[in-house]
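Survey of secondary and tertiary structure
Residues per chain, in single letters:
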Amino acid sequence: MVTETTDKPRVLVVEDEADLITMLRYNLEREGFAVDEATDGDEALRRVAERTPDVVVLDWMLPVTSGLEVCRQMRRREDTAEVPILILTARGEEHDRVRGLNTGADDYVVKPFSTPELVARLNALLRRSQPARDKGALTYDDIEMDLSAHRVTRGGQPVHLGPTEFRMLRFFLQNPGCVFSREELLKAVWGPDIFVEPRTVDVHIRRLRKALNVADRRDPIRTVRAAGYALDTSDTAYA
Ligand code: CA
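Residues numbered from 1 in each chain as written. Predicted model: local features only at pLDDT ≥ 70, side-chain atom pairs only at ≥ 80, totals over all residues. Heavy atoms only, no water.

1. Some points on the domain arrangement of the protein
Under the domain assignment used here, the protein contains domain 1 (10–129) and domain 2 (137–238). Averaged C-alpha coordinates put domain 1 and domain 2 at centres separated by 25 Å. Roughly 1,500 Å² of surface becomes buried between domain 1 and domain 2 when both sides are summed, with 43% attributable to carbon and sulfur atoms. Three residues, Glu82, Leu101 and Arg128, lead the burial of domain 1 against domain 2; their summed loss comes to 41% of the area buried on that side. Here domain 1 and domain 2 share zero salt bridges between them. (Domains from an automatic or database assignment. Buried area = accessible area lost by both parts, 1.4 Å probe. Salt bridge = Lys/Arg side-chain N within 4 Å of Asp/Glu carboxyl O.)

The structure is reproduced here in structure tokens:
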């Protein structure tokens, strides 16, 4: 008897190489994922509109609509804005990786990659994106985070954050004024079992700052030279 299990994490694999799709489907299904696939960017956007996946594996070089454009459009749509996206890039496309993270991707792996690494990273993304069990609200200065509704406002204005920025801001709000190194932020936001380049932190800090920059309000994140970052507005004339 075939039963439709609904508790499997649903991954959308967007890849135009047939062999790679077959390999990914085989391995991800074996690891307990429900796998959907799309072979170009337009199909990917149709798929996510039909059914919101839990996580997306997105090839960067795609025919018709690029991975970059898929990422950008998903981030713009309310129903897919918070779906974690892992991009696949070819070796040597360093520039594309940074562009991908700037566009709203949450992580990347470089082709050729090992399946265990990809699965570990997908599981880490899923853990991070699962709705926070904690309820209530965190506030600092004019920033408010509603944990149950997963909403952030600044001075009453909505702030739109990706999943990584949300977790990063939550960590800052839980520890206001404390200075954290990149390594400490990596451990707190990404988890201890995942390797992320320290400068990835800078990319997400930049995104968080940009998102919090509503209505000409001050940058609430202080860069501490040679030490890291802190949520701190205390040393400013915050009139
Ligand atoms: Ca490709």
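2. A look at the packing of aromatic side chains
Considering all chains together, one arrives at two aromatic pairs under this definition. Note on Phe171 and Phe180: the rings are 4.5 Å apart at their centroids and 45° apart in plane angle, and the pair reads as tilted. The exposure class assigned to Phe180 is buried, which follows from its relative accessible area of 11%. Here Phe172 and Phe180 contribute two aromatic rings whose centre-to-centre distance is 6.5 Å and whose plane-to-plane angle is 50°, an arrangement assigned as tilted. Residues Phe172 and Phe180 agree in their burial class; the two are buried. Members of the aromatic cluster, connected to one another through ring pairs, are Phe171, Phe172 and Phe180. (Phe/Tyr/Trp six-rings, centres within 6.5 Å; stacked < 30°, edge-to-face > 60°. Buried < 20%, exposed > 50% of the residue type's maximum accessible area, 1.4 Å probe, protein only.)

3. Focus on the coordination of the calcium ion
For the calcium ion, every protein donor is listed as Asp16 (OD), Asp59 (OD) and Met61 (O), and the spread of their distances is 2.1 to 2.4 Å. Along the chain, the residues donating to the calcium ion fall in the pattern D-x42-D-x1-M. Residue Asp59 is classed as buried on the basis of its relative accessible area, which comes to 3%. Judged by relative accessible area, Met61 falls into the exposed class, the value being 54%. (Donors = N, O, S within 2.8 Å, 3.2 Å for Na, K, Ca; no water.)

4. Focus: the pattern of salt bridges
Evaluated as defined, the whole model comprises 20 salt bridges. A salt bridge links Asp106 to Arg75, with the shortest nitrogen-to-oxygen separation between them at 2.9 Å. Taken together, the residues Asp106 in the loop between helix 4 (94–103) and strand 5 (107–111) and Arg75 in helix 3 (residues 67–76) connect sequence positions 31 residues apart. A relative accessible area of 16% places Arg75 in the buried class. Residue Glu165 pairs with Arg207 through a salt bridge whose shortest N-O separation is 3.1 Å. Of this pair, Glu165 sits in helix 6 (residues 163–174) while Arg207 sits in helix 8 (residues 198–212), and the two are 42 residues apart along the sequence. The exposure classification of Glu165 matches that of Arg207, with both residues buried. The network of salt bridges with common partners includes Glu15, Glu17, Asp59 and Lys111. (Helix = DSSP H or I, 4+ residues; strand = E, 2+ residues; numbered from the N terminus.)

5. Comments concerning the nonpolar core
One finds Leu169 and Phe172 to be the most contacted residues of the largest nonpolar core, which totals 31 residues. Those elements giving two or more residues to this core turn out to be strand 6 (137–140), strand 7 (143–146), helix 6, helix 7 (182–190), helix 8 and strand 11 (228–231). With six residues, the single largest contributor to this core is helix 6. Residues within four places of Leu169 in sequence aside, it is in contact with Ile143, Met145, Val152, Leu161, Leu208 and Leu212. Core analysis: the second largest hydrophobic core is formed by 21 residues, Leu45, Val56, Leu68 and Met74 among them. (Core = buried A, V, L, I, M, F, W, Y, C linked by side-chain atoms within 4.5 Å. Contact = heavy atoms within 4.5 Å.)

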